[in-house]
Amino acid sequence: EASASQLRRLLARGQAEPTGTEAAQLLAAYGLRSRAAVRGEILRLEVRVQRHAELGTHLAVSLVVPGYAAPSGYGFAPLDPLLARRLLADAGLRCDAQVTAEMLDALALALVRIGQLALDQPLLRGLRLRLLPQGDSVACEEAETRLQLDPAPPPERARLALAPYPGALAQELERGGA
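The shown structure was predicted, so the numbers you read here are calculated from the model rather than taken from an experiment.

Asks: Help me understand the pattern of salt bridges in this model?
Replies: Any two side chains of opposite charge can pair if their charged atoms end up close together. Applying the stated criterion to the full structure yields 7 salt bridges. Residue Glu46 pairs with Arg48 through a salt bridge whose shortest N-O separation is 3.2 Å. Judged by its relative accessible area of 13%, Glu46 falls in the buried class. Residue Arg48 is classed as buried on the basis of its relative accessible area, which comes to 18%. Note that Arg128 is salt-bridged to Glu46, the shortest N-O span being 3.4 Å. Highlighted residues: Arg128 in strand 5 (residues 124-134) and Glu46 in strand 2 (residues 45-52), separated in sequence by 82 residues. If you follow the salt bridges from partner to partner, you end up with Glu46, Arg48, Arg128, Arg130 and Glu144 in one network.

In structure tokens:
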């Protein structure tokens, strides 16, 4: 709820596309710390949360490799660690000499948290950030974090790709003879 209040305050101040510190504060509420990038960091992962008119809110993940068009992985929130790992694999990220299993676990956890952010915050129309894995932790590159807010978000069923089944339509059926 504090995060939703923060987003409403940003919109009230006319900030529909917060970056930097304002965006980092929202991410921190979901356990995602931010920091500046360090020269020479090789592995960077770009994550985008976008709202599509027909698909709803989805995540896209791709490696940031200068001069190379890296594959992207796509998924819908909510994510669990297994789905997040598959998303990373679709983006071409697997265990090797540079990428440890701990690093993949940390990236998967970050994706789960980003997916939860997308579910929890209807005012969030879009998000772009870069994840910087280091050992068994991940940080967001503060200078590359951008939010897009929507002052009039669509209803939940239109906003989410996997909308919850409305409770009002749930019914129990009695089977005869059993």
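Asks: How should the layout of surface pockets be read in this particular structure?
Replies: Empty pockets left among the atoms are what a rolling probe the size of a water molecule brings to light. Empty space within the largest pocket amounts to approximately 160 Å³. In terms of lining residues, the largest pocket is bounded by 13 residues, among which Leu43, Leu63, Leu93, Gln98 and Val99 are the most central. Among the residues forming the lining of the largest pocket, the class breakdown is 8 nonpolar, 2 polar and 3 charged.

Asks: What exactly am I supposed to notice about helix 3 (residues 81-90) here?
Replies: Spacing of three or four residues puts side chains on the same side of an α-helix, whose turn is 3.6 residues. Among the residues of helix 3, Ala84, Leu87 and Leu88 are the ones counted as buried. Taken down its axis, helix 3 places every buried residue within 100 degrees of arc, on the same side. The exposed set on the far side of helix 3, more than 90 degrees from its buried face, consists of Leu82 and Arg86. For helix 3, the secondary structure elements touched by its buried residues are strand 2, strand 3 (56-63), strand 4 (72-76) and helix 4 (101-120). At the N-terminal end of helix 3, a side-chain oxygen is found 3.2 Å from the backbone nitrogen of Leu82, two or three residues along, and the residue is Asp80. Gly92 sits one or two residues past helix 3 and shows a positive phi near 90 degrees.

Cut-off values and rules
- All residue numbers here refer to positions counted from 1 along the written sequence of the relevant chain.
- Where local features are concerned, this predicted model is filtered to residues with pLDDT of at least 70; where side-chain atom pairs are given and counted, the filter is 80 or more; whole-chain, interface and lining totals use all residues.
- Side-chain figures throughout are based on the complete set of non-hydrogen atoms in the structure, without hydrogens or water.
- Salt bridge, as applied in this entry: a Lys or Arg side-chain nitrogen positioned within 4 Å of an Asp or Glu carboxyl oxygen.
- The classification of residues rests on relative accessible area computed with a 1.4 Å probe and restricted to protein chains. Under 20% of the type maximum is buried, over 50% is exposed, and intermediate values are partly exposed.
- Numbering of helices and strands runs from the N terminus, with a helix taken as a DSSP run of H or I at least four residues long and a strand as a DSSP run of E at least two residues long.
- A pocket here means an open set of points on a 1 Å grid, computed over the protein atoms alone, that has protein on both sides within 12 Å along at least five of seven lines. A cavity is instead a set of points where a 1.4 Å probe fits but cannot get out; residues with an atom within 4 Å of a point line either one.
- Grid points are joined across faces, edges and corners, and a volume is the space filled by probe spheres set on the points.
- Put simply, Ala, Val, Leu, Ile, Met, Phe, Trp, Tyr, Cys and Pro go in the nonpolar bin, Asp, Glu, Lys and Arg in the charged bin, and everything else, Gly too, in the polar bin.
- What the arc covers is the set of directions going from the helix axis to the C-beta atoms.
- Any two residues having at least one pair of non-hydrogen atoms within 4.5 Å are treated as being in contact.
- Polar contact is defined as a pair of N or O atoms within 3.5 Å, subject to the rule that within protein one atom must be able to donate a hydrogen and the other to accept it, and that residues adjacent in sequence are counted only when both atoms are side-chain atoms.

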